[in-house]
Amino acid sequence: MQFTTLVFLFFFLPICLFFVFISRPNFRNTLLFLASLVFYAWAGVWYVCVLAGSILINYLSGILIGNARPGMKKSWFVLGLILNILGLVIFKYTGFLVSNFNLLIPVFRMNPVAVAHIVFPLGISFFTFRGICYLITVKRGESPAERNIIRLGLYLGFFATVIAGPIDRYRDFSPQLTQRILTPGLFASGVLRFCLGLTKKVIISTPIALTADRIFATDPAVLSAPLAWLGALSFMLQIYFDFSGYTDMAIGIGRMLGFRITENFNFPYMARSIRDFWKRWHITLSTWLRDYLFLPIAYAASRRLKKEKYLGIRVDFLLYGVAALVTFFLCGLWHGAAWTFIAWGMLYGLLLVLERSRFGKWLDKGPALLARFYTLFFVLISWVIFRSPDLGFAGHYLTVMFGLGGAKTDWAIFIPYTNREFLIMAFLGVLGCTPVWSKLLELANGLMKNRHRIPASVTFHGVQVLTILGVLLVLAYTTLTLVTGSIQSFIYYKF
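What you are looking at is a predicted structure, and each value in this text was computed from that prediction instead of being measured.

Participant: Tell me what's going on with the overall build of the chain, and back it up with residues and numbers.
Facilitator: For the chain, the count of helices and strands is 20 helices and two strands. Computed over its C-alpha atoms, the radius of gyration of the chain comes to 24 Å, within 12% of the 23 Å expected for a compact globule of 495 residues. Viewed in the frame of its principal axes, the chain has a C-alpha envelope of about 75 × 65 × 50 Å. The proportion of buried residues among the 495 residues of the chain is 49%. Sequence-distant contacts, at least 24 apart, represent 77% of the contacts inside the chain between residues at least 6 apart. Here the chain has roughly 24,400 Å² of accessible surface; of this, 69% comes from carbon and sulfur atoms.

Participant: Which residues make up the side chain of T161, and what are the values?
Facilitator: Relative to the elements of secondary structure, T161 occurs in the loop between α6 (149-157) and α7 (170-178). Relative accessible area serves as the criterion here: at 3%, T161 is assigned to the buried category. For T161, the residues in contact, after removing those within four places along its chain, are R130, P166, D168, Y246, A250 and I261.

Participant: Give me the packing of helix α3 (residues 45-67) against helix α5 (residues 124-139): which residues, what numbers.
Facilitator: Here α3 crosses α5 at 10°, and the two axes come no closer than 9 Å. Relative to α5, α3 is oriented roughly parallel. Note on element contacts: α5 touches α3 through I124, F127, G131, I132, Y134, L135, V138 and K139, opposite V50, L51, S54, N58, S61, G62, I65 and G66. In terms of residue class, the contact of α3 with α5 is made up of nine nonpolar, six polar and one charged.

Participant: Before we move on, could you go through the environment of L319 and cite the residues and values that matter?
Facilitator: Tracing the chain through its elements places L319 in helix α12 (residues 315-335). Along the sequence, L319 and F294 sit 25 residues apart, while their C-alpha atoms lie 9.9 Å from each other.

Participant: An account of the environment of Y292 is requested, with residue identities and associated values reported.
Facilitator: On the secondary structure map, Y292 appears in helix α11 (residues 283-302). Counting along the chain gives 130 residues from Y292 to V162, while the straight-line C-alpha distance between them is 20 Å. What Y292 contacts, discounting residues up to four positions off in sequence, is C133, I136, T137, R140, R169 and R171. There is a polar contact of 3.4 Å between the side chain of Y292 and the side chain of R169.

Participant: Mind laying out the packing of α3 against α6, listing which residues take part and the relevant values?
Facilitator: Close contact between α3 and α6 brings their axes to 10 Å; oriented N to C, the two are set at 125°. Taken together, the axes of α3 and α6 lie oblique to each other. As α3 runs across α6, the sense of the crossing is right-handed. Contacts between α3 and α6 involve L51, S54, I55, L56, N58 and Y59 from the former and I149, L152, G153, L156 and G157 from the latter. Across the contact of α3 with α6, the residue classes break down as seven nonpolar, four polar and no charged.

Participant: Which residues make up the nonpolar core, and what are the values?
Facilitator: With 141 residues, the main nonpolar core has F8, F159, Y269, W281, W383 and Y397 as its most contacted residues. With 17 residues, the single largest contributor to this core is helix α9 (residues 225-256). W383 has contacts with F235, M236, I239, Y269, F277, W281 and W344, leaving out every residue within four places of it along the chain.

Participant: Pulling in residues and values, what's your account of the packing of aromatic side chains?
Facilitator: For any pair of aromatic rings, the description rests on two quantities: the centre-to-centre distance and the angle between the ring planes. Taken as a whole and assessed by the stated rule, the structure comprises 62 aromatic pairs. With a centroid separation of 5.1 Å and 65° between ring planes, the pair formed by W344 and F386 is classed as edge-to-face. With a gap of 42 residues between them, W344 in helix α13 (residues 339-355) and F386 in helix α15 (residues 368-387) connect regions that are remote in the sequence. Positioned over the ring face of W334 is K92, at 5.6 Å from the centre of the ring. The ring of F77 carries the charged tip of K139 above its face, separated from the ring centre by 5.6 Å.

Participant: Let's hear about α5: which residues, and what values?
Facilitator: Its 16 residues give α5 an end-to-end C-alpha distance of 22 Å, which sits within 8% of 22 Å, the value for a rise of 1.5 Å per residue. Here α5 lies mainly inside the structure; 15 of its 16 residues are buried. Immediately downstream of α5, the backbone of G141 shows phi near 75°, a positive value.

Participant: Outline unusual backbone geometry, listing residues and values.
Facilitator: With glycine set apart, most residues show a phi of negative sign, and most peptide bonds adopt trans. Here the residue pair G165 and P166 is connected by a cis peptide bond, since its omega of 0° sits within 30 degrees of zero. For P166, the location among the structural elements is in the loop between α6 and α7. Residue F267 is not a glycine yet carries a positive backbone phi of 45°. Not every positive phi belongs to a glycine, and H282 is a case in point at roughly 45°.

Participant: Give me the lowdown on the state of the cysteines, citing residues and values where you can.
Facilitator: Overall, the coordinates contain zero disulfides when judged by the stated rule. The thiol of C195 is not disulfide-bonded; the next cysteine sulfur, from C16, is found 17 Å away. When its relative accessible area of 5% is taken as the criterion, C195 is described as buried.

Cut-offs applied
Residues numbered from 1 in each chain as written. Predicted model: local features only at pLDDT ≥ 70, side-chain atom pairs only at ≥ 80, totals over all residues. Heavy atoms only, no water. Helix = DSSP H or I, 4+ residues; strand = E, 2+ residues; numbered from the N terminus. Rg over C-alpha atoms; globule rule 2.2 N^0.38 Å. Buried < 20%, exposed > 50% of the residue type's maximum accessible area, 1.4 Å probe, protein only. Contact = heavy atoms within 4.5 Å. Areas by Shrake-Rupley, 256 points an atom, 1.4 Å probe, with all protein chains shown as cover. Axes fitted to C-alpha atoms, helices over the stretch in contact; angles between N-to-C directions. Parallel < 35°, antiparallel > 145°, perpendicular 65-115°, else oblique. Nonpolar A, V, L, I, M, F, W, Y, C, P; charged D, E, K, R; others polar. Polar contact = N/O pair within 3.5 Å; in protein donor to acceptor, adjacent residues only side chain to side chain. Left-handed = near helix turned anticlockwise from the far one by under 90°. Core = buried A, V, L, I, M, F, W, Y, C linked by side-chain atoms within 4.5 Å. Phe/Tyr/Trp six-rings, centres within 6.5 Å; stacked < 30°, edge-to-face > 60°. Lys NZ or Arg CZ within 6 Å of the ring centre and 35° of its normal. Expected span 1.5 Å × (residues − 1). Disulfide = S-S within 2.5 Å.

Take a look at the structure:
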């Protein structure tokens, strides 16, 4: 089940909200857990078995870690970690590993390995990372082991976040499992945030996605440079509004039910460096990678290198480089079982190593415009690699973008890709990548606090009326669009 379906908007979500509101507080977690299982099972009952297995593994592992003597905590933690990663490898990477192994078969004169098609459970990367986060939290003593399997199951499989995050930390989410208050104000802010996500996905992302998909479905050999740039820029906007739209809807649903879900985006295309970009893009994933991969790798390597320099390279720079490359190799692999995702991750790893040098200091102190141009340029290049079906396609597409191949520019072919709807939504999308709307809201809030009664009253009532009309228009437009069946799945559903 997706958020952008008639079943979810007019059946599942209203019924879930109704029963949660009328139920006793001590029964709400059970209701939400059961609702989450139904939501997840909508795509296939088999998926629920995988999610239930993950919940059971982490529940038992957490108890064993919590009850173990100091010398045994690490052993139980490693076992739980292996079981989490093993499930991810089996369901997500078996086909990739086997296909690449078969490429080496002729060298050893062996028969190719055949493997049955394995169903890929939706959101397995996200609930696996939450499970690992829970085990780390228990091992470090930051939170006690959860004795109530319903509460742990709700943390791992909450329907608002189970498919595509955000990846909330257990220590931040767990207090809300026992103490949360449903208030009209929080509910109203949740409705507004949910409608903001619908606007991003349905109104802005969908028409832009149509252009991006048409261009990337074309052989790069017959693309002109302007069309290739248009496709890359379209996908850059599409993936931001698609993913941040999902996050807004997840946060909105959480607020309607009394939860405060972690923010996941902070205008990433306004970043002045790749370091800054990853502090703004998919924040819960980047902080997870920093705390649970990058820092442990750097610390483990530092224990082996006690010199000031190693092979003529500063040890701190070497440690940062190794940790960054390993972390983003795994980040790319986490996104998908394909070499394009690995190349995408390694590109970011290399850029982060580059910014660790004097170049990074220049970025911080240099002109903001140049720093933002550099960041957006490499982010755009990375999205081309990310979107491409294979590395050959990505390489060919990039050569066309820079005029080293492809067809001659024919504006008669280019213009149909930029219809009126696309141009309007692309313009709104570019504005939406900046804090301009936030500034307008701040201005409205300032007017509502005006000392003079009339301007404050007019502004307040005007904002209220516009907000209500906006919510109704978004819901009406979304309903009409859903009836025509022209909305695609969220991009991050496949991760």
